[in-house]
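# What the coordinates show
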Amino acid sequence: MKHSSKHMPTSPQGSQLEKDAAALAGLRLLPQRFMVIEQAMGVARSHGYAAEVHLSDFVERVKANGFIAEALGKHAVAGVTVAPARTS
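Rules behind the numbers
Residues numbered from 1 in each chain as written. Predicted model: local features only at pLDDT ≥ 70, side-chain atom pairs only at ≥ 80, totals over all residues. Heavy atoms only, no water. Helix = DSSP H or I, 4+ residues; strand = E, 2+ residues; numbered from the N terminus. Contact = heavy atoms within 4.5 Å. Areas by Shrake-Rupley, 256 points an atom, 1.4 Å probe, with all protein chains shown as cover. Expected span 1.5 Å × (residues − 1). Buried < 20%, exposed > 50% of the residue type's maximum accessible area, 1.4 Å probe, protein only. Arc of directions from axis to C-beta. Salt bridge = Lys/Arg side-chain N within 4 Å of Asp/Glu carboxyl O.

Here the focus is the overall build of the protein. On a plain count of helices and strands, the protein comes out with 3 helices and 0 strands. Going residue by residue from the N terminus, the α and β elements of the protein occur as α-α-α. The contacts in the protein between residues at least 6 apart in sequence include a share of 44% that link residues at least 24 apart. Surface summary for the protein: the accessible area is close to 7800 Å², and the carbon and sulfur share equals 58%.

Here you go:
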């Protein structure tokens, strides 16, 4: 079953799910987003506030310098976006 273009993601490459579904016969995707997967990193409280700040700074740096977007491209992960880096 083909979906109309109004249900397709904005990525010109299509989403990873669309690519996977196209490769496997008999599958179809439901229109519209129904789930968001949030990623997180953390440190044990016993490492202290400085460790929390260091980790937060690291995450913001790799988002801002393009490392995350580059890694997604390198591994051909399509249809996803990187959250913007904080500006403060």
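Another aspect to go through is helix H2 (residues 49–64). Its 16 residues place the ends of H2 22 Å apart at the C-alpha level, agreeing with the 22 Å of an ideal helix rising 1.5 Å per residue. Here H2 has its buried residues at Leu 55, Glu 60 and Val 62. Each buried residue of H2 lies within a common arc of 165° when the element is viewed along its axis, so the set occupies one face. Among the exposed residues of H2, those pointing more than 90 degrees away from its buried face are Tyr 49, Ala 50, His 54 and Ala 64. Where the residues of H2 are buried, they touch helix H3 (67–74). Directly beyond the C-terminal end of H2, a positive phi value near 90° is found at Gly 66.

For the rest of this paragraph, the subject is unusual backbone geometry. We note that Ala 76 has phi near 55°; this positive angle belongs to a residue other than glycine. By secondary structure assignment, the location of Ala 76 is in the segment after H3.

Take Glu 60: it is sitting in helix H2. With near-sequence residues (within four places) excluded, Glu 60 lies in contact with Pro 84, Ala 85 and Arg 86.

All right, on to the pattern of salt bridges then. In total, this model carries 2 salt bridges according to the counting rule given. Its salt-bridge partner being Lys 63, residue Glu 60 comes within 3.3 Å of it at the nearest N-O pair. Of this pair, Glu 60 and Lys 63 both sit in helix H2, 3 residues apart, which is roughly one turn of that helix. Note on Glu 60: relative accessible area 15%, which makes it buried. Among the salt bridges present, the one from Arg 86 reaches Glu 60, with a minimum N-O distance of 3.8 Å. Placement of Arg 86 in the segment after H3 and of Glu 60 in helix H2 is noted, with a sequence separation of 26 residues between them. Via salt bridges that share partners, Glu 60, Lys 63 and Arg 86 belong to a single interconnected network.

Everything listed here is a matter of geometry and, on its own, says nothing about what the molecule does.
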